[in-house]
Amino acid sequence: MHRIDIYDTTLRDGAQSEDISFSVEDKLRITEKLDELGVHYIEGGYPGSNPRDIDYFRKVSRLKLVNSKVVAFGSTHRPKKKPGGDETMKALIEAGTPIITIFGKTWDFHVKEALRVSLEENLDIIHDSVTFLKKHAEKVFFDAEHFFDGYINNPKYALKCLKAAQDAGADCLVLCDTNGGTITSVVGDVVKKAVKGYAVPIGVHMHNDADCAVASSVTGVETGASHVQGTINGLGERCGNANLISIIPNIQLKLGMKCLTPEQLRKLRDVSRFVTEIANLRHFKRQPYTGDSAFAHKGGMHVSAILKRPETYEHVSPGLVGNSQRVLISDLAGKSNILRKAEEFGIRLSTDSVQIQDIVTKLKELENQGFQFEGAEASFELLMKKSLGLHKKFFELMGFRLIVEKRKEGEEPISEATIMVKVGGHVEHTAATGKGPVNALDNALRKALEKFYPELKEVKLHDYKVRVLTAGKGTSAKVRVLVESGDKGNRWGTVGVSENIIEASYQALVDSVDYKLLKEEE
Ligand SMILES: CC(=O)SCCNC(=O)CCNC(=O)[C@H](O)C(C)(C)COP(=O)(O)OP(=O)(O)OC[C@H]1O[C@@H](n2cnc3c(N)ncnc32)[C@H](O)[C@@H]1OP(=O)(O)O
Ligand SMILES: CC(=O)C(=O)O
């Protein structure tokens, strides 16, 4: 089984994504993560482009990488310069990496219109640039920019460009679908032909403008490429690059070709999430293999089947890529979803228990009223425990009042809540202010209860979302409030629904407090 080399360009082509700006520190941390994952090459940046990338190459040489080699990226030399006097070439050498990748034009249209040199001159530029860099690096990879468009327009010329790079000593010829518009079947045909004509390894580098990048990369490998480039989570210019998070398991688990060890493959989810965090993005739930929804089952019939045999609705075992199976709760649930959730919540329920059907019916009624338990599993756990008589009341509400006062134009309104609760035989009556009425109510509720339950001091509100459920009803519409709370070790979601936003918020806040107290007791 021959190895497929994984070449990651998150830090170079991925950094060309809109909204992404990695600091040097970010790049170094991602480098270490990619090394742990075991990718063979990490394209760290474009040293001829900016001081940040130059600084990165200075610092990355101090990291003790175990699995990956760092690569510096740049272009062939400028037409009016000789390689020895070209700034890009100089910066590439000064980066001091064992491997250098340069891109060169291979589409005759681009040579004439973008570079504005003759076709012959471009061949010399490619040849001379590779020859020059080979004296300074262990290996030089040649990225054949726009290779597929070039091949379709003028195959002879595109192949001549590859030959110029090979003759100069390039160690890998990477066929790039730079505009990302090539259809997968065409990629397969072209790679097959390119592989036949050249002695050095062939690579593929796909962009995702036609949403074919992952499929085309896999086809490239199937038709003879032994090196595949891409980025974590498909970051990249315009619609992104080929997504290594899908390509790696596809190659390894579907084609049976080796690129990472099984232990490394299990780090895939962790790496995917790490890059999302560093990039300051929200994780893409439906990301194949590593997304939260990748192995999340909602339909009752699916859940019934996976409880018998997971393979019935899972194309691979989630653990292979560090992910895990999830079962969702909604009005599409059946008894199997409830049974599985009971197991997760530590509730003993037998398959023939009559209470299961009651819980399913209640769940569907509440979802019909606007509740959504998929994002509020803590509320669902409370609902189940209440239905089964396993829930103890921690406090009783004796009333609350909210005042929002704006005393003059241009002054911020003041929000104040007073609340009365009963815990055991004690009545607590307290007040608190807040940034808005919900915040004031939250503060007052917790202030009243903290005296009896000091553990509530740890609880923080992380997210508060309101969704209008009945369109066209203006300010009298029914709303759903979803709250995400957390303490030192956990996060949990709760929900409330009402035509009154304060009441919906109160329901969600009370569930949040209840859940924390329940977990403390358990
Ligand atoms: C397909 C890819 O992703 S390739 C990588 C693209 N990435 C980037 O462009 C990000 C980093 N780039 C940069 O920081 C800047 O563009 C620099 C520093 C490299 C160059 O900046 P400038 O010198 O100001 O040039 P500018 O960006 O305006 O234009 C690029 C020049 O490179 C030339 N060029 C483009 N491709 C090549 C090539 N393969 N070989 C040689 N020259 C090239 C263009 O013809 C253009 O020359 P011109 O100014 O004579 O028209
Ligand atoms: C080299 C490169 O990034 C491309 O052709 O897309």
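If you're wondering where the values come from, they're calculated on a predicted model, not measured in any experiment.

Quick word on the site of ligand 1
Okay, so step 1: Neighbouring residues of ligand 1: 18 residues in total, closest R12, Q16, S49, T76 and R78.
Okay, so step 2: Measuring from an oxygen atom of ligand 1, one finds a side-chain N or O atom of R12 at 3.2 Å.
Okay, so step 3: Q16 places a polar side-chain atom, nitrogen or oxygen, 3.1 Å from a nitrogen atom of ligand 1.
Okay, so step 4: Contact with the protein chains removes 55% of the 1000 Å² of surface that ligand 1 exposes when unbound.
Okay, so step 5: Of all the secondary structure elements, the ones that give two or more residues to the shell around ligand 1 are β3 (69-75), β4 (99-105) and α4 (108-115).
Okay, so step 6: Examining the composition of the shell around ligand 1, we find that three residues originate from one element, β4, more than from any other.
Okay, so step 7: Along the lines of polarity and charge, the residues of the shell around ligand 1 split into five nonpolar, eight polar and five charged.

Comments concerning the nonpolar core
Okay, so step 1: Core analysis: the biggest nonpolar cluster contains 81 residues, and Y56, I102, L173 and I248 have the highest contact counts within it.
Okay, so step 2: Ranked by the residues each element gives to this core, the list is headed by helix α7 (residues 155-167), at six residues.
Okay, so step 3: With residues up to four places along the chain from it excluded, the contact list for I248 reads I6, L37, C259, L260, L265 and L268.

A look at the sheet that holds strand β15 (residues 479-486)
Okay, so step 1: With antiparallel pairing, the three strands of this open sheet are ordered in space as β14-β15-β16. With partners counted over all chains shown, the strands left at the sheet margins are β14 (460-468) and β16 (491-498), one partner each. Strand-to-strand, the axes of this sheet are offset by a mean angle of 15°, without reference to chain direction.
Okay, so step 2: On the sheet, helix α18 (residues 501-521) packs against β14, β15 and β16 and is oriented at approximately 150° with respect to β16.

Here we look at the domain arrangement of the chain
Okay, so step 1: Once the domains are mapped, the chain shows domain 1 (5-260) and domain 2 (396-521).
Okay, so step 2: A C-alpha centroid distance of 53 Å is found between domain 1 and domain 2.

Focus: empty space enclosed by the protein
Take a probe with the size of a water molecule and roll it over the atoms, and the empty space left behind shows itself.
Okay, so step 1: Enumeration over the complete set of coordinates arrives at one cavity of 30 Å³ or more.
Okay, so step 2: Quantified by volume, the largest cavity comes out at close to 40 Å³.
Okay, so step 3: Every residue lining the largest cavity is listed: D442, R446, V459, L461, S485, L509, S512 and V513.
Okay, so step 4: At the level of secondary structure, the elements contributing two or more residues to the lining of the largest cavity comprise α17 (437-450) and α18.
Okay, so step 5: Per-element tally for the lining of the largest cavity: the top contributor is α18, with three residues.
Okay, so step 6: Considered class by class, the residues forming the lining of the largest cavity number four nonpolar, two polar and two charged.

Calculation criteria
Residues numbered from 1 in each chain as written. Chains lettered and ligands numbered in written order. Predicted model: local features only at pLDDT ≥ 70, side-chain atom pairs only at ≥ 80, totals over all residues. Heavy atoms only, no water. Near = heavy atom within 4 Å. Polar contact = N/O pair within 3.5 Å; in protein donor to acceptor, adjacent residues only side chain to side chain. Areas by Shrake-Rupley, 256 points an atom, 1.4 Å probe, with all protein chains shown as cover. Helix = DSSP H or I, 4+ residues; strand = E, 2+ residues; numbered from the N terminus. Nonpolar A, V, L, I, M, F, W, Y, C, P; charged D, E, K, R; others polar. Core = buried A, V, L, I, M, F, W, Y, C linked by side-chain atoms within 4.5 Å. Buried < 20%, exposed > 50% of the residue type's maximum accessible area, 1.4 Å probe, protein only. Contact = heavy atoms within 4.5 Å. Pairing = 2+ DSSP bridges. Axes fitted to C-alpha atoms, helices over the stretch in contact; angles between N-to-C directions. Domains from an automatic or database assignment. 1 Å grid on protein atoms, 1.4 Å probe; cavity = no way out; pocket = protein on both sides within 12 Å on 5 of 7 lines; lining within 4 Å. Points joined across faces, edges and corners; volume = space filled by probe spheres on them.

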